[in-house]
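Per-entry structural report
Each chain is listed here by its residues.
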Amino acid sequence: MIDESKTGTNWQDDELDAIVADYFAMLAAEHAGERYNKSEHRRALIGLTGRKPGSIELKHMNLSAALSELGLPIIDGYKPARNFQGAIFGAVDRYLSQHPEAWSIGEARLLSFVQRRAGNTEPDRALRATIGVASEGAPFTSAHPREVGEGEASKLPPIILVPPPLLGEAQPRPAGLQRLVRKFDPAARDARNRTLGRVGELHIYDREIAGLIEADRMDLAKRVEWTSEERGDGAGYDIRSFDPTSGEERFIEVKTTRGGARTDFFLSRNERAFSDEEPERYRLCRVFDAAADMKLFALRPPLGDVVRLSPETWRASF
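Computed from a prediction, not measured in an experiment: that's the story for all the values here.

1. Digging into the nonpolar core
Formed by 33 residues in total, the largest nonpolar core has its most connected members in V20, F24, L70, V92 and L96. Contributions of two or more residues to this core are made by α1 (13-31), α2 (38-49), α3 (53-69), α4 (87-98) and α7 (175-184). Broken down by element, the residue count for this core peaks at seven residues, all from α1. When neighbours within four sequence positions are excluded, L96 is seen to be in contact with F24, L70, L72, A102, W103 and F184. L110, F113, I239 and V287 belong to the second-largest nonpolar core, a separate cluster that totals 25 residues.

Okay, structure coming up:
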């Protein structure tokens, strides 16, 4: 039942804990392919908190905004809203600290993409291939670009191209959200997630080949290279592709997250140096919402003009 005396008042910790737990329950169900009813969840929260439906809806949208910057997927339909009540960050902190399994939400969708790409229906083999570990000690190997046929372009999952966030228009993070980002470090978490990184790179690799095939440049499609997979991470880029008109090489670095467009990511010194050396041929592709409907924007060098770069580590020597 709605408690009119709470109208216009701040949510208390027990109320915020309830709505954060409810949000994660719906999010987990959504990514597990389970049916759930948002209206039923809302009615239950009204009973627990006495808050109005509009206030509950806004808190769900606040949670979407916070989680997207922490590198987590969000509930479809709850558009991020950044007019936060500061206490909500403490509730998110408490939930994630007590439920580390929440960080795995969306992983199954990442695995399913690689399984479909590999055409492999045996879960154990697909999982080992995705994370680069085989019981026999065999390394992960990608499909050769020459094996991609002209019909492959239509089989690829859709990707939504969007403009990048504008640096000058970005709203500063509230102090509470900034503390969460420092504590849970989504950039480091994403960088450690080999499955996530491979999914993003594989998606862009396939897309580059498909685009060249559609442009009737099979000669170039056969030469696209998944550089980070074939030669390691030291090149300064992940994929070598080609311009379909001029045939000129282009170098693509891929950064992937399950979070939103504003989720932080790491850029190595080598990657930045290479982008400065090849500003016309280099692009940084940011793949986000990777566990849902993949979205993508591309950044052109100089990267220091389009993202805020801050030192994260220092090399020490004598």
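What follows picks up the thread again.
2. Focus: the pairing of strand β4 (residues 249-256)
For β4, a buried count of six out of eight residues is recorded, marking the element as mostly surrounded by other parts of the structure. Two successive antiparallel strands, strand β3 (residues 239-242) and β4, enclose a turn made up of six residues, where G247 displays a positive phi of approximately 80°. As judged from the six bridges shared by β4 and strand β5 (residues 282-288), these two strands associate in the parallel manner. Each residue of the ladder has a partner; that of V254, found in β5, is C285. In this fold, β4 hands off to helix α12 (residues 269-277), which returns the chain to β5; that crossover is right-handed.

3. Side note on the side chain of T49
Here T49 shows up in helix α2. Of the polar contacts made by the side chain of T49, one reaches the backbone oxygen of L45; its length is 2.7 Å. Setting aside anything within four residues of it in sequence, one finds T49 in contact with K6, W11, E15 and I56.

4. Some remarks on unusual backbone geometry
A cis amide bond links P301 to the next residue, P302, at an omega of 0°. For P302, the position within the fold is in the segment after β6 (295-299). In the Ramachandran plot, D216 falls in the positive-phi region, its phi being about 60° despite a non-glycine side chain. Counting through the fold element by element, D216 comes out in the loop between α9 (194-214) and α10 (218-221). Residue D216 is classed as exposed on the basis of its relative accessible area of 68%. For D289, which is not a glycine, the phi torsion comes out positive at approximately 55°. Along the chain, the position of D289 falls in the loop between β5 and β6. Classification of D289 by relative accessible area gives buried; the value is 16%.

5. Points about the sheet that holds β6
Taking strand neighbours across the sheet as the criterion, the six strands line up as β1-β6-β5-β4-β3-β2 in an open arrangement whose pairing is mixed. The outermost strands of the open sheet, each flanked by one partner alone, are β1 (160-161) and β2 (225-226). Strand direction decides the pairing type here: β3 and β4, joined by four bridges, are antiparallel. Within β4, the position partnered with F242 by the bridge is E249. Seen against the sheet, α9 touches β2, β3, β4, β5 and β6 and runs at an angle of roughly 145° to β4.

6. Focus: the packing of aromatic side chains
A ring pair, where both rings are aromatic, is described by two values, the distance of the centres and the angle of the planes. This structure, assessed with the given rule, holds eleven aromatic pairs. Relative to F184, the ring of W103 has its centre 5.5 Å away and its plane inclined at 45°; by these criteria the two rings are tilted. One end of the pair, W103, is in the loop between α4 and α5 (107-118); the other, F184, is in helix α7, and 81 residues separate them in sequence. In this structure, W103 and F184 share a single accessibility class: buried. Through successive ring pairs, a cluster of aromatic residues spans Y23, F24, Y78 and Y95. In this structure, R189 is placed above the aromatic ring of W103, and the distance from its NZ or CZ to the ring centre is 3.8 Å.

7. Digging into the confidence of the model for the protein chain
Taken residue by residue, the protein chain gives an average pLDDT of 86. The fraction at 70 or more is 87%. Note that residues 120-155 has pLDDT below 50 and, in this model, 42 contacts with residues that lie over four places away or in other chains.

8. Points about α7
When we look at burial in α7, the residues that qualify are G176, L177, L180, V181 and F184. Projected down its long axis, α7 shows its buried positions confined to an angular sector of 140°, all on one face. More than 90 degrees from the buried face of α7, the exposed residues found are A175, R179 and R182. Contact partners of the buried residues in α7: α3, α4 and α8 (186-192). Once α7 ends, the next one or two residues include D185, with phi positive near 45°.

Cut-offs and rules
Residues numbered from 1 in each chain as written. Predicted model: local features only at pLDDT ≥ 70, side-chain atom pairs only at ≥ 80, totals over all residues. Heavy atoms only, no water. Core = buried A, V, L, I, M, F, W, Y, C linked by side-chain atoms within 4.5 Å. Buried < 20%, exposed > 50% of the residue type's maximum accessible area, 1.4 Å probe, protein only. Helix = DSSP H or I, 4+ residues; strand = E, 2+ residues; numbered from the N terminus. Contact = heavy atoms within 4.5 Å. Pairing = 2+ DSSP bridges. Right-handed = clockwise from strand over helix to strand, strands pointing away. Polar contact = N/O pair within 3.5 Å; in protein donor to acceptor, adjacent residues only side chain to side chain. Axes fitted to C-alpha atoms, helices over the stretch in contact; angles between N-to-C directions. Phe/Tyr/Trp six-rings, centres within 6.5 Å; stacked < 30°, edge-to-face > 60°. Lys NZ or Arg CZ within 6 Å of the ring centre and 35° of its normal. pLDDT = per-residue confidence, 0-100. Arc of directions from axis to C-beta.

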